[in-house]
Protein chains: 2
Amino acid sequence: MPRPSRREHLIETAITLFCEHGYHATGIDRLLETAGVSKKTMYQHFRSKEELIYAALRQYDGVFRNNFMKAVEGAGKTPKEKLLAIFDVAETWFNDNKFFGCMFINAISEYSEKDSPIRDISRQFKQLMWNYVFDLAKEANANEPKKLANELCLLLEGAIVTAQVSQKPEAAATAKEIGKKLIDSAVSS
Amino acid sequence: MPRPSRREHLIETAITLFCEHGYHATGIDRLLETAGVSKKTMYQHFRSKEELIYAALRQYDGVFRNNFMKAVEGAGKTPKEKLLAIFDVAETWFNDNKFFGCMFINAISEYSEKDSPIRDISRQFKQLMWNYVFDLAKEANANEPKKLANELCLLLEGAIVTAQVSQKPEAAATAKEIGKKLIDSAVSS
DNA sequence: ATCTAAGTAAACAGATCGGTTTACTTATGA
DNA sequence: TCATAAGTAAACCGATCTGTTTACTTAGAT
């Protein structure tokens, strides 16, 4: 693995700190000290803190979805199994000791302005996740793939927040059980 | 209605601003200007900003749950109907133009330290909401009231976050439909 | 070898942060 | 009526915020 560029390294550090401590609470100085990068270097890679936030969210968007999809594909053979595997993948995510909820939900809770680019990126992420679930639902020949995707995504959000707030990773299993019923009744296997 | 005390007024203002803009992003100066209260007065009612946050969360905890329960009681006669009404009440909440998600979820996303009092208050709120749903589930003679409460609370969280992030208040209806199936199969009516 | 691009450390700037203090004003109850 | 409690406005404090600048150091390619 080649040594990451300053840019990549800053983004990685930003993701870590924004996830754990939030966006406003993470100061540039602290971030730079953690990354071991000088201020000047950062500001010639990013125009502002906001731009670094955008970059971090976009990077995390790509990496997270990629990892998530790979894990789901590896955990189930049929589309139906993959739909269910979503919740198993979620559970291992929740059990990571660096789990602090969904970075995008957290972002929106700090930036509520309706036209904020941060909001847009976060909504986009959720939309792309929904698209993935929708595709799986179609592959599984679900009666109403849109409806099933809505339902499973809502269950996933519920599990994420429950795991985050109430420190109960087993929320994933609760969601999975409900999901199984919905999948079974939507997919005549 | 008597004129509210400075303390109450500050807490009300704090709730409004913390909900919309978050905790770190809401500065004391801005809050005081909005409330029309001097700094000295605030600091002889609250030792610090953190204490004001605690007070705001505790106040909101009481008011929100009270309003929520009243709305649910008014929207359904039987315990079973009340369980379903949870999602109708949620939907009207989501459609409020001052809806910015759940204040406690948002709080935890900014204060992730495991022993933070802010975290404790937020978890407590979720626990009390769970207790209420659990009581309704018992009244409805559900097979496994604990399980049903877990499920319905998870659905509610999912609806809240979906409404917040994706700006879809209709997430409440999605959750309600799933909830109805779970209630029906748990309650032999 | 040397020029250049990219890095560092650190001082600096102006704004804002949470919080304290001072001096003055208002209300209220004995 | 007058003491007291509670309020305001505003100056002030040190720390921290985002962002800029200066002066110096490296690393690489020609």
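The residue count restarts for each chain, going from 1 along the sequence in the order it is written. The order in which chains are written sets their letters, starting at A; the order in which ligands are written sets their numbers, starting at 1. In keeping with the model being predicted, local features are shown solely for residues with a pLDDT of at least 70 and side-chain atom pairs are shown and tallied solely at 80 or more, while totals for entire chains, interfaces and linings include all residues. Only hydrogens and water are set aside when side-chain values are computed; all heavy atoms of the structure are taken into account.

(A) Geometry of the protein's contact with DNA strand D. Whether a residue is near a molecule or strand depends on its heavy atoms: it is near if one of them lies within 4 Å of it. The immediate surroundings of DNA strand D are formed by 17 residues, with A:Ile28, A:Lys39, A:Lys49, B:Ser38 and B:Thr41 found nearest. If you look at DNA strand D and keep only atoms within 4 Å of the protein, 51% of those are sugar or phosphate atoms. A:Ile28 is positioned such that a nitrogen or oxygen atom in its backbone is 2.7 Å from a phosphate oxygen of DNA strand D. Whenever two N or O atoms come within 3.5 Å, that pair is a polar contact, provided that in protein one can donate a hydrogen and the other can accept it, and provided that, for residues adjacent in sequence, both atoms are side-chain atoms. Contacts to DNA strand D include B:Arg6, whose side-chain N or O atom sits 3.1 Å from a sugar or linking oxygen. Those elements giving two or more residues to the surface near DNA strand D turn out to be helix H2 (28-35) and helix H3 (39-45) of chain A together with helix H3 (39-45) of chain B. The way it works is that DSSP assigns letters per residue, a run of H or I at least four long becomes a helix, a run of E at least two long becomes a strand, and they are numbered from the N terminus. Per-element accounting of the surface near DNA strand D gives the leading share, four residues, to H3(B). All amino acids are sorted into three groups, where Ala, Val, Leu, Ile, Met, Phe, Trp, Tyr, Cys and Pro are nonpolar, Asp, Glu, Lys and Arg are charged, and the leftover types, Gly among them, are polar. Across the surface near DNA strand D, the residue classes break down as three nonpolar, eight polar and six charged.

(B) Looking closely at the relation of the copies chain A and chain B. Copies are brought into register by a least-squares superposition over C-alpha atoms of residues with pLDDT of at least 70 in both. At an RMSD of 0.0 Å, chain A and chain B line up after a rotation of 180° and a shift of 0.0 Å along the axis. Between the two chains, the operation in question is that of a two-fold axis. When C-alpha positions in chain A are compared against the rotation axis, the closest is assigned to A:Gly158, at 1.8 Å. Contacts are assigned to residue pairs with any non-hydrogen atoms lying within 4.5 Å of each other. Most of the interface of chain A is mirrored in chain B: 100% of its interface residues are interface residues there too.

(C) Region of interest: the interface of chain A and chain B. Each partner contributes to the interface: chain A provides 40 residues, whereas chain B provides 40 residues. Between chain A and chain B, a total of about 3,400 Å² is buried, with carbon and sulfur atoms accounting for 58% of that surface. On the chain A side of the contact with chain B, A:Ser109, A:Leu154 and A:Val165 bury the most area, a combined 18% of that side's loss. We count a salt bridge whenever a side-chain nitrogen from Lys or Arg sits within 4 Å of a carboxyl oxygen from Asp or Glu. Here chain A and chain B share two salt bridges between them. Summed over the shared surface of chain A and chain B, the result is seven residue pairs in polar contact (both at pLDDT 80 or more). Those elements giving two or more residues to the side of chain A that touches chain B turn out to be helix H1 (6-21), helix H6 (103-110), helix H7 (117-139), helix H8 (145-165) and helix H9 (171-186) of chain A. Grouping the constituent residues of the side of chain A that touches chain B by class yields 13 nonpolar, 14 polar and 13 charged. By convention, the term buried area covers the 1.4 Å-probe accessible surface removed from two parts as they join, with the contributions of both added.

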